[in-house]
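Descriptive structure summary
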Amino acid sequence: MALRRVTKMGEPVLRKICKPVNKFDEKLAQLLDDMADTMYEADGVGLAAPQVGMLKRAVVIDVGEGIIELINPEIIETAGEQTDIEGCLSVDNINEEVTRPYFVKVKAQDRHGNEFEIAGEELLARAFCHEIDHLNGILFVDRVEK
């Protein structure tokens with residue numbers, strides 16, 4: 001188990017756009033494993049690479065149904081709307097309502113470079129959006145309706 005330090009709001013890496021992953025090697029596998037360990041240790045449901053200081057398009061998610069790894073994810077379909085409270089491991093002591101799609105379909109690659117699609121509703125859809133936002137330098141607090 002290798003834990004990484006979670007970057008916090010105000011650190012520049014969280015506001016940068018991540019680069020696509022094009023090397024599917026042991027370093028990527030180690031990053032994904034470390035991200036999962038870090039997410040579980042912090043009792044989170046998702047973690048994006050910039051949250052551990054890496055500008056790579058990689059996220060891990062577990063909403064209670066097992067780990068999902070998304071490399072180079074793209075949202076390809078959304079439907080509906082939901083509003084709920086969100087928090088973030090990189091944003092301490094702030095939990096606010098955010099409106100997201102109710103249904104989200106994502107195209108991504110696995111740790112070996114194989115393409116796949118995955119869809120989710122409710123919390124999983126929210127997690128897809130939240131973590132993919134991180135890859136584009138967007139924090140959930142940017143989405144709070146003031």
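First things first, this report covers the structure right here in the doc. (Residues numbered from 1 in each chain as written. Predicted model: local features only at pLDDT ≥ 70, side-chain atom pairs only at ≥ 80, totals over all residues. Heavy atoms only, no water.)

**Some remarks on the pairing of strand E5 (residues 91–100)**
The condition is simple: Here the rule is simple: two strands pair whenever DSSP picks up at least two bridges between them. Strands are runs of DSSP state E lasting at least 2 residues, helices are runs of H or I lasting at least 4, and numbering of each runs from the N terminus.
Examined bridge by bridge, strand E4 (residues 82–88) and E5 share six bridges and lie antiparallel to one another. The partner of isoleucine 85 across the bridge, within E5, is glutamate 97.

**Quick word on the nonpolar core**
The tendency in soluble globular proteins is for nonpolar side chains to be buried side by side. Here is the rule: Each nonpolar core is a collection of buried residues, namely Ala, Val, Leu, Ile, Met, Phe, Trp, Tyr and Cys, held together in the definition by side-chain atoms within 4.5 Å. Working definition: with a 1.4 Å probe on protein chains only, accessible area under 20% of the residue-type maximum means buried, over 50% means exposed, and in between means partly exposed. Contacts are assigned to residue pairs that have any heavy atoms within 4.5 Å of one another.
Counting residues in hydrophobic clusters, the biggest one holds 16 residues, and the most contacted among them are Val59, Ile61, Leu70, Val104, Val106 and Phe128. Mapped onto this core, the elements with two or more residues apiece are strand E2 (58–61), strand E3 (68–79), strand E6 (103–109) and helix H2 (122–135). At seven residues, H2 tops the list of elements feeding residues into this core. Residue contacts for phenylalanine 128: discarding those within four places in its chain leaves Ile61, Leu70, Val104, Val106, Ile118, Ala119 and Gly120.

**Comments concerning the environment of glutamate 122**
On the secondary structure map, glutamate 122 appears in helix H2. Considering only alpha carbons, one finds glutamate 122 and arginine 100, 22 residues apart in sequence, at a separation of 9.0 Å. Setting aside its immediate chain neighbours within four residues, glutamate 122 contacts Gln82 and Tyr102.

**Here's the deal with the environment of arginine 15**
What counts here: Here a polar contact is taken to be a pair of N or O atoms separated by no more than 3.5 Å, where protein atoms must pair a possible hydrogen donor with a possible acceptor and residues adjacent in sequence count only if both atoms sit in side chains.
Summarising the element assignment, arginine 15 is placed in the segment before helix H1 (26–41). On a C-alpha basis, the gap between arginine 15 and isoleucine 71 in space is 19 Å, while along the polypeptide they are 56 residues apart. Sequence-distant contacts of arginine 15, that is, excluding residues within four places in its chain, are made with Gly137, Ile138, Leu139 and Asp142. There is a polar contact of 3.3 Å between the side chain of arginine 15 and the backbone oxygen of glycine 137.

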